[in-house]
There are 2 protein chains.
Amino acid sequence: MGTDTDKTGAAEELAATAAREASAPAVDVGPLAGMVGYVLRRAQLAVFDDVITKFAALDLRPAQYSVLVLLRHTPGLKQSDVAAALGIQRANFVVLFDGLERRGLARRSAAPNDRRSYALYLTEEGEKVLARANVLQAAHEASLDAKLGPSGREQLLGLLGRLAKRD
Amino acid sequence: MGTDTDKTGAAEELAATAAREASAPAVDVGPLAGMVGYVLRRAQLAVFDDVITKFAALDLRPAQYSVLVLLRHTPGLKQSDVAAALGIQRANFVVLFDGLERRGLARRSAAPNDRRSYALYLTEEGEKVLARANVLQAAHEASLDAKLGPSGREQLLGLLGRLAKRD
DNA sequence: TATTGTTATACTCTATAACTATA
DNA sequence: TATAGTTATAGAGTATAACAATA
């Protein structure tokens, strides 16, 4: 984007963007706008887009971040516990955790009473990366708060929590 | 599940389920429970699980349903319009729409003023399938309302709408 | 030059079956 | 028998580059 001579100034780029948005009046999605599933999906994609962009510098995906957060909060969990808590298939979690371990962010430790399983922990490096990610996450959350307002955030978490309940 | 002699009665199955849930107290996800992105993602997955299950009888995916709804609301849109409105890449929309056309649910019609593009329409069969899907969708939405309460639904749509805005 | 539809391709995420070693 | 971890694999969904036809 603008890597060469860059004859177009910032003002012209803004004008171009405005024109593009004005000339493309965004087709009305009709009844979809009133369907929770559709609106929920679009919102989730928009939020993840921002998180993924912010985490890109750390080469961290949202799912990887959630594992780091969970292990920081509850060290020593076994793979099945973490996978189940995060809604990840055990089989897929193996590969995900392999990536974290290969990068030295987390480790598998022999479990005390059960030779089938591992106790999972963050490494010191993992703690560092998590700390940096938490800063980005806080900024992300702040930008959401700007859109939601102070009470909106708590309202939203409450409503979404009801939807996530499996029953 | 209980395909053979089935010595276990319904009461015992219920007890087993209760025990399973009691013995697996669902690991606390800690700080994740307060992060909008995480809660949003889990809610979206739960909601989609229900929709996908309900639509399975029609062999319809959420994205396919959204195309039918949009074409019913605004017939004659071209592929780029529909794809952009739904946040689907043009290239991927081609394949998606091929599936609908192959099943006779929608059709590509020659566009009046532009020989590059098609005007898209539902077929009569598509209208029928959409009508059946709308019944299932209404039931789905009703089950969400039961979880959200009457005002919760509108609150949620409003809050999610703010998150989906790209700026 | 820009847009529309298209093909091909690759990458991520997810789901399932099957295996091993332990319990 | 059941559970924990693992491997392999297949299916969605998504993103990008490149091309032909048309504007």
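Residues numbered from 1 in each chain as written. Chains lettered and ligands numbered in written order. Predicted model: local features only at pLDDT ≥ 70, side-chain atom pairs only at ≥ 80, totals over all residues. Heavy atoms only, no water.

Student: Help me out: how do you make sense of the interface of chain B and chain A in this one?
Tutor: Frequently, the measure chosen for interface size is the accessible area removed from exposure when the parts meet. Taken together, the contact pairs 54 residues of chain B with 54 residues of chain A. Taking both partners together, chain B and chain A bury about 4,800 Å²; carbon and sulfur atoms supply 71% of that area. It is B:Val36, B:Lys147 and B:Leu163 in chain B that bury the most area against chain A; as a group they hold 12% of the surface buried on that side. Our enumeration of links across chain B and chain A arrives at zero salt bridges. The interface formed by chain B and chain A includes 16 residue pairs in polar contact (both at pLDDT 80 or more). Breaking the side of chain B that touches chain A down by element, the ones donating at least two residues are helix H2 (36-55), helix H3 (62-73), helix H4 (79-86), helix H6 (124-148) and helix H7 (150-164) of chain B. Among the elements that make up the side of chain B that touches chain A, the one with the highest residue count is H2(B) (14 residues). Here the residues of the side of chain B that touches chain A sort into 29 nonpolar, 13 polar and twelve charged. (Contact = heavy atoms within 4.5 Å. Buried area = accessible area lost by both parts, 1.4 Å probe. Salt bridge = Lys/Arg side-chain N within 4 Å of Asp/Glu carboxyl O. Polar contact = N/O pair within 3.5 Å; in protein donor to acceptor, adjacent residues only side chain to side chain. Helix = DSSP H or I, 4+ residues; strand = E, 2+ residues; numbered from the N terminus. Nonpolar A, V, L, I, M, F, W, Y, C, P; charged D, E, K, R; others polar.)

Student: Can you walk me through the protein's contact with DNA strand C in this structure?
Tutor: In the vicinity of DNA strand C, 18 residues are found, and the nearest of them are A:Arg61, B:Arg41, B:Lys78, B:Ser80 and B:Arg116. Sugar plus phosphate: this is where 62% of the atoms of DNA strand C within 4 Å of the protein reside. In the model, a phosphate oxygen of DNA strand C is placed 2.8 Å from a nitrogen or oxygen of the B:Gln79 side chain. B:Ser80 places a side-chain nitrogen or oxygen 2.5 Å from a phosphate oxygen of DNA strand C. Going through the elements one at a time, helix H5 (90-102) of chain A together with H4 and helix H5 (90-102) of chain B are the ones with two or more residues in the surface near DNA strand C. (Near = heavy atom within 4 Å.)

Student: Just to check I follow, could you spell out the relation of the copies chain B and chain A for this structure?
Tutor: Note on the chain copies: they are related by a rotation about an axis and a translation along it. For the pair chain B and chain A, the best superposition has an RMSD of 0.0 Å and corresponds to a rotation of 180 degrees with a translation of 0.0 Å parallel to the axis. Here the copies are linked by what is in effect a two-fold axis. Using C-alpha coordinates, one finds that chain B approaches the rotation axis most closely at B:Leu156, a distance of 3.2 Å. When the interface residues of chain B are mapped onto chain A, 100% of them are again interface residues, pointing to one common binding face. (Least-squares fit on C-alpha atoms with pLDDT ≥ 70 in both.)

Student: What am I meant to see in the packing of helix H3 (residues 62-73) of chain A against helix H4 (residues 79-86) of chain A here?
Tutor: Residues and elements named next belong to chain A. Running from N to C, H3 and H4 point in directions that differ by 120 degrees, and their axes come no closer than 11 Å. By the angle between their axes, H3 is oblique relative to H4. Pair H3 / H4 crosses with right-handed handedness. Residues Ser66, Val67, Leu70 and Leu71 of H3 touch H4, and the partners they reach there are Val82, Ala85 and Leu86. For the contact of H3 with H4, a count of residues per class yields six nonpolar, one polar and no charged. (Axes fitted to C-alpha atoms, helices over the stretch in contact; angles between N-to-C directions. Parallel < 35°, antiparallel > 145°, perpendicular 65-115°, else oblique. Left-handed = near helix turned anticlockwise from the far one by under 90°.)

Student: Is there a simple way to explain the protein's contact with DNA strand D in this structure?
Tutor: Near DNA strand D you find 18 residues, and of these A:Arg41, A:Lys78, A:Ser80, A:Arg116 and B:Asn92 are the closest. Near the protein, meaning within 4 Å, the atoms of DNA strand D are sugar or phosphate in a fraction of 62%, with bases accounting for the rest. In this structure, A:Ser80 approaches DNA strand D through a side-chain N or O atom, which is 2.6 Å from a phosphate oxygen. Between a base oxygen of DNA strand D and a side-chain N or O atom of A:Arg116, the distance comes to 2.7 Å. Every element with two or more residues in the surface near DNA strand D is listed here: H4 and H5 of chain A together with H5 of chain B. Take the surface near DNA strand D: its biggest share by element is three residues, from H5(A).

Student: What should I look at first to understand helix H6 (residues 124-148) of chain A in this one?
Tutor: One turn of the α-helix equals 3.6 residues, which is why residues spaced by three or four share an orientation. Residue and element names in this part refer to chain A. The terminal C-alpha atoms of H6 lie 35 Å apart, and with 25 residues this matches the ideal 36 Å at 1.5 Å per residue to within 8%. Listed in full, the buried residues belonging to H6 are Gly126, Val129, Leu130, Ala133, Gln137, His140, Glu141, Leu144 and Leu148. Following H6 by one or two positions, Gly149 has its phi on the positive side, about 80 degrees. (Expected span 1.5 Å × (residues − 1). Buried < 20%, exposed > 50% of the residue type's maximum accessible area, 1.4 Å probe, protein only.)

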